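# A closer look at the structure
Here is what each chain is made of, one letter per residue.
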Amino acid sequence: MSNFAGKVALVTGAGSGIGRAVAERFAASGAQVVVADLDEVAATAVASGIGDAAIAVQADVSRAGDVATMVRAAVDAFGGIDCACNNAGIAPAPKPFTEHTLDEWARTIDVNLTGVFLCMQEQIRHWLGARRNGVIVNMSSGAGVVPAPGQPQYTAAKHGVLGITKQAAQEFARQGIRVNAVLPGQTDTPPMREYLEASGMGDRMVKMLPMGRMATPDEVAAAVLWLCSDEASYVNGVSLLVDGGLLAR
Ligand code: NAD
(Lines give C-alpha, C1' and ligand atoms only; values in the text may rest on other atoms or scores of the structure.)
Protein backbone atom coordinates (compact mmCIF):
# COMPACT_ATOMS: atom_id res chain seq x y z
CA MET A 1 0.00 0.00 0.00
CA SER A 2 1.35 3.49 -0.88
CA ASN A 3 2.48 5.75 1.90
CA PHE A 4 0.44 8.94 2.26
CA ALA A 5 2.03 10.06 5.53
CA GLY A 6 2.16 13.85 5.61
CA LYS A 7 -0.52 14.14 2.90
CA VAL A 8 -4.04 15.50 3.22
CA ALA A 9 -6.92 13.91 1.33
CA LEU A 10 -10.38 15.37 0.82
CA VAL A 11 -13.16 12.92 -0.09
CA THR A 12 -16.74 13.95 -0.95
CA GLY A 13 -19.62 11.58 -0.34
CA ALA A 14 -17.38 9.95 2.25
CA GLY A 15 -20.19 9.06 4.64
CA SER A 16 -21.07 5.84 2.81
CA GLY A 17 -20.06 3.27 0.22
CA ILE A 18 -17.10 3.94 -2.06
CA GLY A 19 -16.31 7.37 -0.57
CA ARG A 20 -16.14 5.91 2.90
CA ALA A 21 -13.76 3.19 1.70
CA VAL A 22 -11.56 5.82 0.01
CA ALA A 23 -11.45 7.93 3.20
CA GLU A 24 -10.64 4.90 5.37
CA ARG A 25 -7.96 3.63 2.97
CA PHE A 26 -6.32 7.08 2.88
CA ALA A 27 -6.30 7.13 6.68
CA ALA A 28 -4.87 3.59 6.85
CA SER A 29 -2.13 4.78 4.47
CA GLY A 30 -1.12 7.60 6.79
CA ALA A 31 -3.04 10.57 5.35
CA GLN A 32 -5.07 13.13 7.22
CA VAL A 33 -8.58 13.02 5.82
CA VAL A 34 -11.44 15.45 5.29
CA VAL A 35 -14.64 13.38 5.35
CA ALA A 36 -17.21 15.50 3.49
CA ASP A 37 -20.83 14.54 2.97
CA LEU A 38 -24.29 16.03 2.66
CA ASP A 39 -25.24 13.72 5.53
CA GLU A 40 -23.55 15.21 8.59
CA VAL A 41 -24.32 12.23 10.84
CA ALA A 42 -22.75 9.80 8.39
CA ALA A 43 -19.67 11.99 7.86
CA THR A 44 -19.19 12.38 11.61
CA ALA A 45 -19.46 8.62 12.17
CA VAL A 46 -16.81 7.88 9.54
CA ALA A 47 -14.48 10.62 10.82
CA SER A 48 -14.91 9.43 14.43
CA GLY A 49 -14.05 5.89 13.37
CA ILE A 50 -10.80 7.18 11.84
CA GLY A 51 -9.92 9.32 14.87
CA ASP A 52 -7.71 12.41 15.18
CA ALA A 53 -6.47 12.16 11.61
CA ALA A 54 -9.93 13.05 10.24
CA ILE A 55 -12.45 15.85 10.35
CA ALA A 56 -16.07 15.70 9.21
CA VAL A 57 -17.50 18.47 7.05
CA GLN A 58 -21.15 18.80 6.08
CA ALA A 59 -21.36 20.02 2.48
CA ASP A 60 -23.70 19.80 -0.47
CA VAL A 61 -21.37 19.60 -3.47
CA SER A 62 -23.99 21.20 -5.73
CA ARG A 63 -23.77 24.47 -3.73
CA ALA A 64 -20.77 26.67 -4.49
CA GLY A 65 -20.81 28.21 -0.99
CA ASP A 66 -20.71 24.79 0.68
CA VAL A 67 -17.83 23.68 -1.54
CA ALA A 68 -15.80 26.81 -0.72
CA THR A 69 -16.45 26.26 3.00
CA MET A 70 -15.39 22.60 2.67
CA VAL A 71 -12.03 23.49 1.14
CA ARG A 72 -11.49 26.25 3.70
CA ALA A 73 -12.19 23.74 6.50
CA ALA A 74 -9.50 21.45 5.07
CA VAL A 75 -6.98 24.30 4.97
CA ASP A 76 -7.88 25.43 8.50
CA ALA A 77 -7.63 21.92 9.96
CA PHE A 78 -4.66 20.50 8.09
CA GLY A 79 -2.95 23.40 6.28
CA GLY A 80 -4.03 22.43 2.76
CA ILE A 81 -5.02 19.57 0.48
CA ASP A 82 -2.84 17.18 -1.54
CA CYS A 83 -5.38 14.69 -2.92
CA ALA A 84 -9.08 15.10 -3.69
CA CYS A 85 -11.60 12.43 -4.58
CA ASN A 86 -14.78 13.97 -5.95
CA ASN A 87 -17.01 10.99 -5.34
CA ALA A 88 -20.41 12.27 -4.10
CA GLY A 89 -23.18 11.12 -6.39
CA ILE A 90 -26.81 10.07 -6.62
CA ALA A 91 -28.66 7.75 -8.97
CA PRO A 92 -32.24 8.44 -10.12
CA ALA A 93 -34.87 5.68 -10.20
CA PRO A 94 -34.74 4.07 -13.65
CA LYS A 95 -37.68 4.69 -16.00
CA PRO A 96 -38.37 5.25 -19.69
CA PHE A 97 -36.50 8.18 -21.29
CA THR A 98 -39.69 10.16 -21.97
CA GLU A 99 -40.95 9.96 -18.36
CA HIS A 100 -38.13 11.72 -16.49
CA THR A 101 -39.13 15.13 -15.12
CA LEU A 102 -37.00 18.23 -15.49
CA ASP A 103 -36.52 18.31 -11.70
CA GLU A 104 -35.17 14.75 -11.69
CA TRP A 105 -32.87 15.60 -14.58
CA ALA A 106 -31.62 18.80 -12.91
CA ARG A 107 -30.87 17.33 -9.45
CA THR A 108 -28.75 14.50 -10.84
CA ILE A 109 -26.84 16.86 -13.13
CA ASP A 110 -26.42 19.34 -10.24
CA VAL A 111 -24.90 16.78 -7.88
CA ASN A 112 -23.07 14.41 -10.23
CA LEU A 113 -21.69 16.88 -12.79
CA THR A 114 -21.94 20.47 -11.51
CA GLY A 115 -20.87 19.22 -8.06
CA VAL A 116 -17.69 17.70 -9.49
CA PHE A 117 -17.03 20.91 -11.48
CA LEU A 118 -17.46 23.13 -8.40
CA CYS A 119 -15.18 20.90 -6.30
CA MET A 120 -12.51 20.87 -9.02
CA GLN A 121 -12.64 24.65 -9.37
CA GLU A 122 -12.20 25.21 -5.65
CA GLN A 123 -9.45 22.57 -5.29
CA ILE A 124 -7.50 23.93 -8.28
CA ARG A 125 -7.86 27.52 -7.04
CA HIS A 126 -6.40 26.35 -3.72
CA TRP A 127 -3.40 24.70 -5.41
CA LEU A 128 -2.72 27.59 -7.79
CA GLY A 129 -3.01 30.11 -4.94
CA ALA A 130 -0.74 28.11 -2.63
CA ARG A 131 1.67 27.14 -5.48
CA ARG A 132 1.16 23.57 -4.39
CA ASN A 133 0.93 20.34 -6.39
CA GLY A 134 -2.33 18.42 -6.28
CA VAL A 135 -4.11 15.40 -7.64
CA ILE A 136 -7.80 14.86 -8.30
CA VAL A 137 -9.68 11.62 -8.89
CA ASN A 138 -13.26 12.13 -10.07
CA MET A 139 -15.79 9.33 -9.65
CA SER A 140 -17.46 8.54 -12.94
CA SER A 141 -19.01 5.14 -13.71
CA GLY A 142 -19.29 2.53 -16.41
CA ALA A 143 -22.17 4.85 -17.35
CA GLY A 144 -19.46 7.31 -18.36
CA VAL A 145 -18.84 5.21 -21.47
CA VAL A 146 -22.06 3.21 -22.01
CA PRO A 147 -25.67 4.12 -21.14
CA ALA A 148 -27.15 3.25 -17.74
CA PRO A 149 -30.54 1.75 -18.67
CA GLY A 150 -33.40 4.06 -17.68
CA GLN A 151 -31.11 6.76 -16.24
CA PRO A 152 -30.33 9.29 -19.01
CA GLN A 153 -29.35 12.08 -16.60
CA TYR A 154 -26.95 9.73 -14.78
CA THR A 155 -25.42 8.69 -18.11
CA ALA A 156 -25.09 12.34 -19.20
CA ALA A 157 -23.51 13.40 -15.92
CA LYS A 158 -21.01 10.53 -15.82
CA HIS A 159 -20.00 11.14 -19.47
CA GLY A 160 -19.63 14.81 -18.57
CA VAL A 161 -17.34 14.01 -15.64
CA LEU A 162 -14.91 12.39 -18.08
CA GLY A 163 -15.01 15.51 -20.27
CA ILE A 164 -14.12 17.93 -17.48
CA THR A 165 -11.51 15.49 -16.16
CA LYS A 166 -9.69 15.58 -19.51
CA GLN A 167 -10.18 19.35 -19.80
CA ALA A 168 -8.51 20.13 -16.48
CA ALA A 169 -5.86 17.41 -16.93
CA GLN A 170 -4.49 19.21 -19.98
CA GLU A 171 -5.02 22.75 -18.69
CA PHE A 172 -3.15 22.32 -15.38
CA ALA A 173 -0.54 19.63 -16.13
CA ARG A 174 2.28 22.20 -16.08
CA GLN A 175 1.19 23.51 -12.68
CA GLY A 176 1.80 20.10 -11.10
CA ILE A 177 -1.87 19.14 -11.01
CA ARG A 178 -3.01 15.72 -12.27
CA VAL A 179 -6.68 14.89 -12.86
CA ASN A 180 -8.01 11.38 -13.54
CA ALA A 181 -11.30 9.50 -13.30
CA VAL A 182 -12.27 6.11 -11.92
CA LEU A 183 -15.21 4.30 -13.53
CA PRO A 184 -16.55 1.63 -11.18
CA GLY A 185 -18.76 -1.19 -12.35
CA GLN A 186 -21.32 -2.70 -9.99
CA THR A 187 -19.95 -2.12 -6.50
CA ASP A 188 -21.42 -3.48 -3.28
CA THR A 189 -22.77 -0.31 -1.65
CA PRO A 190 -26.16 0.51 -0.07
CA PRO A 191 -27.70 2.12 -3.20
CA MET A 192 -26.49 -0.74 -5.43
CA ARG A 193 -28.03 -3.28 -3.03
CA GLU A 194 -31.31 -1.32 -3.06
CA TYR A 195 -31.26 -1.14 -6.85
CA LEU A 196 -30.70 -4.90 -7.18
CA GLU A 197 -33.53 -5.64 -4.76
CA ALA A 198 -35.96 -3.16 -6.38
CA SER A 199 -35.24 -4.48 -9.86
CA GLY A 200 -35.93 -8.03 -8.74
CA MET A 201 -32.69 -9.13 -10.41
CA GLY A 202 -30.64 -9.50 -7.24
CA ASP A 203 -28.06 -12.24 -7.29
CA ARG A 204 -28.95 -13.34 -10.83
CA MET A 205 -27.44 -10.16 -12.28
CA VAL A 206 -24.43 -10.36 -9.98
CA LYS A 207 -23.70 -13.94 -11.10
CA MET A 208 -23.68 -12.77 -14.73
CA LEU A 209 -20.82 -10.32 -14.08
CA PRO A 210 -17.46 -11.50 -15.50
CA MET A 211 -16.07 -12.24 -12.01
CA GLY A 212 -19.41 -13.55 -10.72
CA ARG A 213 -19.43 -10.89 -8.02
CA MET A 214 -19.55 -7.13 -7.52
CA ALA A 215 -16.50 -5.04 -6.60
CA THR A 216 -16.00 -4.28 -2.94
CA PRO A 217 -15.84 -0.53 -2.19
CA ASP A 218 -12.25 -1.08 -1.06
CA GLU A 219 -11.27 -2.47 -4.48
CA VAL A 220 -12.44 0.80 -6.05
CA ALA A 221 -10.68 2.77 -3.30
CA ALA A 222 -7.41 0.98 -4.08
CA ALA A 223 -7.55 2.30 -7.66
CA VAL A 224 -8.24 5.84 -6.38
CA LEU A 225 -5.22 5.74 -4.08
CA TRP A 226 -2.96 4.39 -6.82
CA LEU A 227 -3.96 7.27 -9.11
CA CYS A 228 -3.24 9.70 -6.24
CA SER A 229 0.15 8.13 -5.52
CA ASP A 230 3.57 9.06 -6.90
CA GLU A 231 3.52 5.66 -8.65
CA ALA A 232 1.07 7.30 -11.07
CA SER A 233 3.13 10.48 -11.54
CA TYR A 234 2.80 10.42 -15.37
CA VAL A 235 -0.83 9.24 -15.42
CA ASN A 236 -3.04 12.21 -16.29
CA GLY A 237 -6.45 12.54 -17.93
CA VAL A 238 -7.25 8.82 -17.90
CA SER A 239 -10.57 7.07 -17.40
CA LEU A 240 -9.76 3.96 -15.36
CA LEU A 241 -12.47 1.28 -15.51
CA VAL A 242 -12.66 -0.79 -12.31
CA ASP A 243 -15.41 -3.13 -13.46
CA GLY A 244 -13.95 -6.64 -13.36
CA GLY A 245 -13.87 -6.74 -17.17
CA LEU A 246 -17.57 -5.99 -17.77
CA LEU A 247 -16.95 -3.42 -20.52
CA ALA A 248 -13.87 -5.09 -21.99
CA ARG A 249 -14.00 -4.86 -25.80
P1 NAD B 1 -23.52 5.87 -1.53
O2 NAD B 1 -24.93 6.35 -1.58
O3 NAD B 1 -23.18 4.69 -0.69
O4 NAD B 1 -22.57 7.09 -1.13
C5 NAD B 1 -22.74 8.35 -1.69
C6 NAD B 1 -22.58 9.41 -0.62
O7 NAD B 1 -22.72 10.69 -1.26
C8 NAD B 1 -23.66 9.34 0.49
O9 NAD B 1 -23.04 9.33 1.76
C10 NAD B 1 -24.47 10.62 0.28
O11 NAD B 1 -24.95 11.19 1.48
C12 NAD B 1 -23.46 11.52 -0.40
N13 NAD B 1 -24.10 12.60 -1.17
C14 NAD B 1 -25.22 12.52 -1.93
N15 NAD B 1 -25.50 13.72 -2.44
C16 NAD B 1 -24.55 14.57 -1.99
C17 NAD B 1 -24.31 15.95 -2.17
N18 NAD B 1 -25.15 16.72 -2.90
N19 NAD B 1 -23.24 16.51 -1.56
C20 NAD B 1 -22.41 15.74 -0.80
N21 NAD B 1 -22.59 14.44 -0.59
C22 NAD B 1 -23.65 13.86 -1.19
O23 NAD B 1 -23.12 5.62 -3.07
P24 NAD B 1 -21.91 4.78 -3.74
O25 NAD B 1 -22.50 3.61 -4.40
O26 NAD B 1 -20.79 4.63 -2.80
O27 NAD B 1 -21.51 5.79 -4.91
C28 NAD B 1 -20.41 6.68 -4.80
C29 NAD B 1 -20.05 7.19 -6.18
O30 NAD B 1 -19.69 6.09 -7.02
C31 NAD B 1 -21.18 7.92 -6.90
O32 NAD B 1 -20.67 9.01 -7.63
C33 NAD B 1 -21.73 6.86 -7.83
O34 NAD B 1 -22.37 7.42 -8.96
C35 NAD B 1 -20.45 6.14 -8.21
N36 NAD B 1 -20.65 4.78 -8.71
C37 NAD B 1 -21.15 3.81 -7.88
C38 NAD B 1 -21.34 2.52 -8.38
C39 NAD B 1 -21.86 1.40 -7.54
O40 NAD B 1 -22.10 0.30 -8.08
N41 NAD B 1 -22.04 1.56 -6.25
C42 NAD B 1 -21.01 2.23 -9.73
C43 NAD B 1 -20.50 3.26 -10.52
C44 NAD B 1 -20.31 4.53 -10.00
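Residues numbered from 1 in each chain as written. Predicted model: local features only at pLDDT ≥ 70, side-chain atom pairs only at ≥ 80, totals over all residues. Heavy atoms only, no water.

Quick look at the layout of surface pockets now. By volume, the largest pocket amounts to about 1,300 Å³. Along the walls of the largest pocket sit 50 residues, with I90, A91, Y154, P191 and M192 positioned nearest its centre. No other element matches the 5 residues that helix α6 (residues 190–199) contributes to the lining of the largest pocket. When the residues that make up the lining of the largest pocket are grouped by side-chain class, the tally is 28 nonpolar, 15 polar and 7 charged. By volume, the second largest pocket is sized at about 290 Å³. For the second largest pocket, the lining is made up of 15 residues, of which K7, V135, R178, C228 and D230 are closest to its centre. (1 Å grid on protein atoms, 1.4 Å probe; cavity = no way out; pocket = protein on both sides within 12 Å on 5 of 7 lines; lining within 4 Å. Points joined across faces, edges and corners; volume = space filled by probe spheres on them. Helix = DSSP H or I, 4+ residues; strand = E, 2+ residues; numbered from the N terminus. Nonpolar A, V, L, I, M, F, W, Y, C, P; charged D, E, K, R; others polar.)

Moving on: the site of the ligand. What surrounds the ligand is a group of 30 residues, the closest being S16, D37, Y154, T187 and T189. Residue D60 places a side-chain N or O atom 2.9 Å away from a nitrogen atom belonging to the ligand. The contact in question runs from an oxygen atom of the ligand to an N or O atom on the backbone of N87, over 2.8 Å. Isolated, the ligand exposes 820 Å² of accessible area, and the fraction of that covered by the protein chains is 89%. Among the cavities detected, the one that contains the ligand is the largest pocket. Secondary-structure elements contributing two or more residues to the shell around the ligand are α1 (17–28), α4 (102–130), α5 (152–171) and α6. The element best represented in the shell around the ligand is α6, accounting for 3 residues. In the shell around the ligand, the residues fall into 13 nonpolar, 12 polar and 5 charged. (Near = heavy atom within 4 Å. Polar contact = N/O pair within 3.5 Å; in protein donor to acceptor, adjacent residues only side chain to side chain. Areas by Shrake-Rupley, 256 points an atom, 1.4 Å probe, with all protein chains shown as cover. Sits in = over half its atoms within 2 Å of the grid points.)

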